[in-house]
Amino acid sequence: GRCALLGTVFKESKLRPSVLEEYTKSRSERKNEQLPKYVSEDDSLVIEDNHARIPLAFTGVTSEQKLPCVASLPTGIVVAVLGKNNTQKGEFVVEDIVFPGLPPAREKRQIPEDEQYVVLTSGLRIGAVTRKMDLQLMIDYIIGLAGSCIDQSKAAKIAQVIVAGNSVIIEEEEDAEYAHFKKQTKDENDKRVNEGIKNAMQDMDLTFTSLASSVNLIVMPGENDPTNITLPQKKLPKFFFRSAAAYSTFKCATNPCGIEVNGRVLLGTSGQNIDNLAKYTDAEKPIEYLERTLQWRHLAPTAPDTLSCYAFKDGDPFVIDECPDIYFAGNQDAFSTKIIEGREGNKVRLVLVPDFSKTSSVVLVNLKNLECKEITFKSSQK
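Residues numbered from 1 in each chain as written. Predicted model: local features only at pLDDT ≥ 70, side-chain atom pairs only at ≥ 80, totals over all residues. Heavy atoms only, no water.

Attention shifts here to unusual backbone geometry. When glycine is set aside, most residues are seen to have a negative phi, and most peptide bonds are trans. Of the consecutive residues Asn-255 and Pro-256, the connecting peptide bond is found in the cis state with omega at 5 degrees. Relative to the elements of secondary structure, Pro-256 occurs in the loop between strand E9 (250-252) and strand E10 (257-261). A cis amide bond links Ala-303 to the next residue, Pro-304, at an omega of 0 degrees. One non-glycine residue with positive phi stands out, namely Asn-166, at about 55 degrees. Within the secondary structure layout, Asn-166 lies in the loop between strand E7 (158-164) and helix H5 (176-181). Of note, the phi angle at Ser-360 is positive, near 55 degrees, even though the residue is not glycine. Counting through the fold element by element, Ser-360 comes out in the loop between helix H9 (356-359) and strand E15 (361-366). Residue class for Ser-360 comes out buried when judged on its relative accessible area of 0%. (Helix = DSSP H or I, 4+ residues; strand = E, 2+ residues; numbered from the N terminus. Buried < 20%, exposed > 50% of the residue type's maximum accessible area, 1.4 Å probe, protein only.)

As structure tokens, then:
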């Protein structure tokens, strides 16, 4: 007969890289086999708990609701499935599937009566040669020194600026063979790299000092920032920001980050969870990855399977217990946004924050009505 199973999904991906195979192959072979996606038609799903596991088969569907395809589901999500057990093939034939859905919203929400704005940006990569003028234009806009009268009036209503990771770019050490051709000794190369690190960190401090002198600023770490690479990432040390840290408006945050701004709940990451999800699942639009994590009530379902994370014993810090008003992910290839509605009728603004080093754009979100738009800064000089 029909029954329901509740458990955690594990995805058996045929294209997933094997550590043992990579170890036995040469470096050139490994580079040639790197894929942008590890999704194939041969992938399969298993549902498991502490006691047992059983393969899932999405065939013989009788549910009126269309079931999601295997390619859209990752390892690590908790689901309930309805169907029948096929003892001959040793699999569970799924007829319907239920996800946790959006988490409950806060009962008493204080929505701002006046227009106030939050600026979301990421991928500033301070220290890079390109887009320095675009970055300066962005700073001038936020602190009210650029733009029209309308732009300056909006800038005066900015309540919070959030930098979602990858704020600085550190020049890597050159390959020893290449340095030899340039007739550069190791000491000279190390000195050049150290000088580049010092200048990049100073430029980052000065940039954030300019912003913190006028607006509230929160800086989150990213994949390429000088902090731990595993999620959740710790705050960037304040001694990196000797000038900016002098302002009470400047704060460093973790990644993921959850804050409240004038009654609105904001939740976001620097984008590693979405990037990893995009490698192992399919979606028609990138914004769907962000929406799914909220429907699954989990920020990073693929951690620690394919996304590095710290091992927690007593709980999962990536579980989403409260529904945010604004849910964002930084360092994305392009801007995208969407409004979804929760069970209590509350609305959630989803935002993919573009990588500034690629797009020269930031996102402006109205806290009053959750309206959202992209602002692009382009200068004639690079």
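A few words now on the packing of helix H7 (residues 272-280) against helix H8 (residues 287-295). At a minimum axis separation of 10 Å, H7 and H8 run at an interaxial angle of 105 degrees. When the interaxial angle is binned, H7 and H8 end up roughly perpendicular. Every residue of H8 that contacts H7 at Ile-274, Leu-277 and Ala-278 is listed here: Tyr-289, Leu-290 and Thr-293. Along the lines of polarity and charge, the residues of the contact of H7 with H8 split into 5 nonpolar, 1 polar and no charged. (Axes fitted to C-alpha atoms, helices over the stretch in contact; angles between N-to-C directions. Parallel < 35°, antiparallel > 145°, perpendicular 65-115°, else oblique. Contact = heavy atoms within 4.5 Å. Nonpolar A, V, L, I, M, F, W, Y, C, P; charged D, E, K, R; others polar.)

Let us now look at the side chain of Asn-331. If you trace the backbone, Asn-331 turns up in strand E12 (residues 326-332). A relative accessible area of 10% places Asn-331 in the buried class. In contact with Asn-331, other than residues within four places in its own chain, are Ser-122, Gly-123, Ala-164, Gly-165, Asn-166, Ser-270, Asp-275, Val-353 and Asp-355.

Before going further, it helps to examine the environment of Gln-152. Take Gln-152: it is sitting in helix H4 (residues 149-155). For Gln-152, a relative accessible area of 36% translates into the label partly exposed. Here the alpha-carbon distance between Gln-152 and Asp-140, two residues 12 residues apart in the chain, equals 9.9 Å. Sequence-distant contacts of Gln-152, defined by excluding residues within four places in its chain, comprise Gly-144, Leu-145, Ala-146 and Gly-147.

Now for the sheet that holds strand E16 (residues 372-376). Spatially, 6 strands are ordered E9-E8-E7-E6-E15-E16 in an open sheet, and the strand pairing comes out mixed. What marks the edges here is a single partner per strand, and that holds for E9 and E16. Ignoring strand direction, the axes of neighbouring strands in this sheet form an average angle of 20 degrees. With 3 bridges connecting them, strand E8 (residues 217-220) and E9 associate as parallel partners. Within E9, the residue paired with Leu-217 across the bridge is Phe-250. (Pairing = 2+ DSSP bridges.)

So far we have only geometry, and geometry alone does not tell us how the molecule works.
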